[in-house]
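Spelled out from the first residue to the last, the chains are:
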Amino acid sequence: PAATTDDPITRTLTFAWYRDAFRINYNLAIFVAIFGGVLLGITSRWIARYFSPRAWALPVVAVLVVASLFPVGAAEALRTNRDRISTWYDLEAPVHTEELLAFDFMREHSRPGQAVLNDGGVDGAGWMYALAGLNAVFSVLPGSSRSWSERLYLRDHVGQLGDDARADALVRRFRVRFVYFTERTMPMIGRHVFTLSGLRSAPHLTEVFNRGGVYVFAVDPALRR
């Protein structure tokens, strides 16, 4: 229900991250064995009820034999499905080793209360709080409309830092220490607003981390005072 409902109670008790159906579909796999066991139990009970003791013995044995042999016959399919799920988890995972290294780098070089400017919600930057205790300018929830519009403005004008008084003020307001960029995006979410060339050409950003398509830029300390 958390994937589809707009009920205010459900929204209060669940995280927005899991209210998208495709994020919880894999959890359905754990119910297959349960439903299979329930079906087997119902079938056996039905046979026992509508046939004489001698007549229902053979069907029940046949059902039990088939049920016991099913895992053997389906072993290859089960292995293939497991490998497929594992592969897709790896391909769709928003955070890989390179992102974790970037998170660790920023955590080690940040002070309490400082933030990281990320590229909206198109990548796995939202995980940096859970994994490294870092504050992303764009988290899961937008907050107030004014705050959200200011965050969007800062993201869209990060290349004009030093020449845009409003963007400079927002850097200080949100206490932005780093700008984070990864080439990896989350499936079906959107495209980057940041470009690597744009960040590298920004005069008040300094590239301080580069690993496997993940980049971290430090904001000029003069702009953060």
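Parameters at a glance
Residues numbered from 1 in each chain as written. Predicted model: local features only at pLDDT ≥ 70, side-chain atom pairs only at ≥ 80, totals over all residues. Heavy atoms only, no water. Pairing = 2+ DSSP bridges. Helix = DSSP H or I, 4+ residues; strand = E, 2+ residues; numbered from the N terminus. Salt bridge = Lys/Arg side-chain N within 4 Å of Asp/Glu carboxyl O. Buried < 20%, exposed > 50% of the residue type's maximum accessible area, 1.4 Å probe, protein only. Core = buried A, V, L, I, M, F, W, Y, C linked by side-chain atoms within 4.5 Å. Contact = heavy atoms within 4.5 Å. pLDDT = per-residue confidence, 0-100.

(A) Highlighting the pairing of strand E4 (residues 205-211). Pairing geometry for E4 and strand E5 (residues 214-219), over six bridges, is antiparallel. Note on E5: the bridge partner recorded for Arg211 is Val214. Joining the antiparallel neighbours E4 and E5 is a turn of two residues, in which Gly212 adopts a positive phi near 55°.

(B) Spotlight on the pattern of salt bridges. Overall, the coordinates contain five salt bridges when judged by the stated rule. Linking Glu99 and Arg184 is a salt bridge whose minimum nitrogen-to-oxygen distance equals 2.4 Å. On the criterion of sequence distance, the pair formed by Glu99 in helix H6 (residues 97-108) and Arg184 in the loop between strand E3 (176-182) and helix H10 (196-201) is long-range, its members being 85 residues apart. Judged by its relative accessible area of 0%, Glu99 is buried.

(C) Structural view of the nonpolar core. By size, the foremost hydrophobic cluster in this structure holds 24 residues, and its most contacted members are Leu117, Leu154, Leu161, Val179 and Leu205. Mapped onto this core, the elements with two or more residues apiece are strand E1 (115-117), helix H8 (145-156), helix H9 (165-174), E3, H10 and E5. By residue number, the principal contributor to this core is H9, which donates four residues. For Leu205, the contacting residues outside a window of four places in its chain are Val158, Leu161, Val179, Leu199, Phe217, Ala218 and Val219. Of all hydrophobic cores here, the second largest spans 17 residues; its members include Phe105, Met128, Leu134 and Ala218.

(D) Layout of the environment of Val137. Residue position: Val137 is located in the loop between strand E2 (135-136) and H8. Residue Val137 is classed as buried on the basis of its relative accessible area, which comes to 3%. Look past the residues within four positions of Val137 in its chain and what remains in contact with it is Ala115, Val116, Leu117, Asn118, Arg151 and Val176.

(E) Spotlight on the confidence of the model for the protein. Taken residue by residue, the protein gives an average pLDDT of 78. The fraction at 70 or more is 60%. Here helix H2 (residues 21-24) stands out as the element of the protein with the lowest mean pLDDT, 55, in contrast to E5, whose mean of 98 is the highest.

(F) Representation of the sheet that holds E1 in the model. Read from one edge to the other, the open sheet built from five strands follows the order E2-E1-E3-E5-E4, with strand pairing classed as mixed. What marks the edges here is a single partner per strand, and that holds for E2 and E4. By the bridge criterion, five bridges tie E3 to E5 in an arrangement that is antiparallel. The partner of Tyr180 across the bridge, within E5, is Val216.

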